[in-house]
Amino acid sequence: MRLNVPSPLVELASDRIARQHLRLYLKRDDLIHPDLPGNKWRKLKYNLRAAREEGHSTLLTFGGAYSNHIRATAAAGRLFGFATIGVIRGERHLPLNDSLAFAAAQGMRLVYLDRSTYRRKSEPDVIIELHRRFGDFYLLPEGGSNAAAVRGCAELPTEIDQAFDVICCACGTGGTLAGIAAGLRPRQRALGFSALKGGQFLRHEVERLQSETYGTTKGDWAIAYDFHFGGFARRTAVLDEFISEFTDGHGITLDRVYVAKMMYGIFTLAERGEFDKGTRIIAVITG
Ligand SMILES: *Cc1c(COP(=O)(O)O)cnc(C)c1O
């Protein structure tokens, strides 16, 4: 199996960016693998290694019905030879949506937890019950964010030869930002864009994940909370228009849930003059 790592870095030729005397580069993690795009591969890499070293043959993880992490875990299981179990929040709906149909086609066993049990999914009694039903497994948390995931994402900035000042990524659980910020060199900073409404909890999550990984917080980072467009997976006419203009102008179709919101945020902050002239910005295309 071939992974396109280090992923390509390409400069975006954009008048809107050039007019602000900025440079913008895209880190094309979406091109790493068609079924294991972007940050999902980086987050799984050291988890797969740990699962194998600890002798597990099954991965179990959690997610909502539209989770990219569920999709990626299912694909990783097929590609790397693990059985996979996806524990999905809420009731089963048939026919399966595209994400779950894809996961099932990769061989993932889908099981469903009612919402109140799902909320308690990290508690010992729930995990014990899952072990009773499914036997041994390597547990990946919802969204795949843990110390191994943070270490995988910390490799991203070290792959970039181009000098830069700011690196931007979208945030769901904050694991990707926690890693990227930890991998920065001096005088570089990271900026996350929350894809969720009420994403203020992410600051605490990034700190918690970095502490779990390194015993301390790391890097110069911040999060922008105002580019969620109404909430997770919500969209508006303005966002749709931005996405189609971006496709027309650059030939790249932005992921709607995460990447488009980050990119809109970068353009908006640039035009508000939030970046000093000459700032070199990297936008991570996480999927
Ligand atoms: C999962 C995902 C994210 C969010 O990553 P976190 O580590 O959960 O913050 C961002 N972009 C894309 C495309 C994703 O699939």
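In this text, all values refer to a predicted model and were calculated from it rather than measured experimentally.

Reading the values: rules and limits
- Residues numbered from 1 in each chain as written.
- Predicted model: local features only at pLDDT ≥ 70, side-chain atom pairs only at ≥ 80, totals over all residues.
- Heavy atoms only, no water.
- 1 Å grid on protein atoms, 1.4 Å probe; cavity = no way out; pocket = protein on both sides within 12 Å on 5 of 7 lines; lining within 4 Å.
- Points joined across faces, edges and corners; volume = space filled by probe spheres on them.
- Helix = DSSP H or I, 4+ residues; strand = E, 2+ residues; numbered from the N terminus.
- Nonpolar A, V, L, I, M, F, W, Y, C, P; charged D, E, K, R; others polar.
- Near = heavy atom within 4 Å.
- Polar contact = N/O pair within 3.5 Å; in protein donor to acceptor, adjacent residues only side chain to side chain.
- Buried < 20%, exposed > 50% of the residue type's maximum accessible area, 1.4 Å probe, protein only.
- Contact = heavy atoms within 4.5 Å.
- Pairing = 2+ DSSP bridges.
- Axes fitted to C-alpha atoms, helices over the stretch in contact; angles between N-to-C directions.
- UniProt positions renumbered as here; feature names shortened; annotations may be inferred.

Student: Tell me about the layout of surface pockets, and name the residues and values.
Tutor: Approximately 180 Å³ is the volume attributed to the second largest pocket. Taken together, A13, S14, D15, R16, F242, E245, F246, G249, H250 and F267 make up the full set of residues lining the second largest pocket. Within the residue set of the lining of the second largest pocket, elements represented by two or more residues are α1 (15-18) and α10 (237-250). Considering every element that reaches the lining of the second largest pocket, the biggest residue donor is α10, with five residues. Counted by class, the lining of the second largest pocket contains four nonpolar, three polar and three charged residues.

Student: Give me the site of the ligand: which residues, what numbers.
Tutor: The ligand sits among 16 residues. The nearest are K40, K43, T173, T176 and T286. G172 has a polar backbone atom sitting 2.7 Å from an oxygen atom of the ligand. Contact distances for the ligand include 2.7 Å between an oxygen atom and a side-chain N or O atom of T173. Within the residue set of the shell around the ligand, elements represented by two or more residues are α2 (38-53), β7 (166-171) and α8 (175-182). Considering each element in turn, the shell around the ligand owes the most residues, three residues, to α2. Partitioning the shell around the ligand into residue classes produces three nonpolar, ten polar and three charged.

Student: With reference to specific residues and values, describe the side chain of H56.
Tutor: Positionally, H56 belongs in the loop between α2 and β3 (58-63). Taking the relative accessible area as the measure of exposure, H56 reaches 16% and is therefore buried. A polar contact is formed between the side chain of H56 and the side chain of D136, at a distance of 2.8 Å. Setting aside chain neighbours within four positions, we find H56 in contact with A51, F82, D136, F137 and Y138.

Student: Quick rundown of the sheet that holds strand β10 (residues 280-284)? Include the residues and the values.
Tutor: Overall, mixed pairing links the six strands, which are arranged β1-β2-β10-β7-β8-β9 in an open sheet. Since the sheet does not close on itself, it has two edges, and those belong to β1 (9-11) and β9 (221-224), each with one partner. For this sheet, the mean angle separating the axes of adjacent strands, direction not counted, is 25 degrees. Note: strand β2 (residues 23-27) against β10, five bridges, orientation parallel. When the sheet's bridge partners are listed, Y25 is paired in β10 with I282. Most of the contacts of helix α9 (residues 201-214) go to β9, to which it runs at about 150 degrees, and overall it touches β7, β8 (189-194) and β9.

Student: Any chance you could break down the environment of R89 for me, citing the residues and the numbers?
Tutor: Relative to the helices and strands, R89 resides in strand β4 (residues 83-89). Distance from R89 to G63, taken between C-alpha atoms, is 6.3 Å for residues 26 residues apart in sequence. Excluding its chain neighbours within four sequence positions, the residues that come into contact with R89 are G63, G64, L113, R115, Y118 and E142.

Student: Hey, could you go over the UniProt feature "domain: Tryptophan synthase beta chain-like PALP" (unreviewed entry) in the protein for me, with residue numbers and the actual values?
Tutor: UniProt records the feature "domain: Tryptophan synthase beta chain-like PALP" (unreviewed entry) at residues 6-287, using the numbering of this structure. End-to-end, the C-alpha atoms of residues 6-287 are 15 Å apart, and along that stretch the chain is 42% helix and 18% strand.

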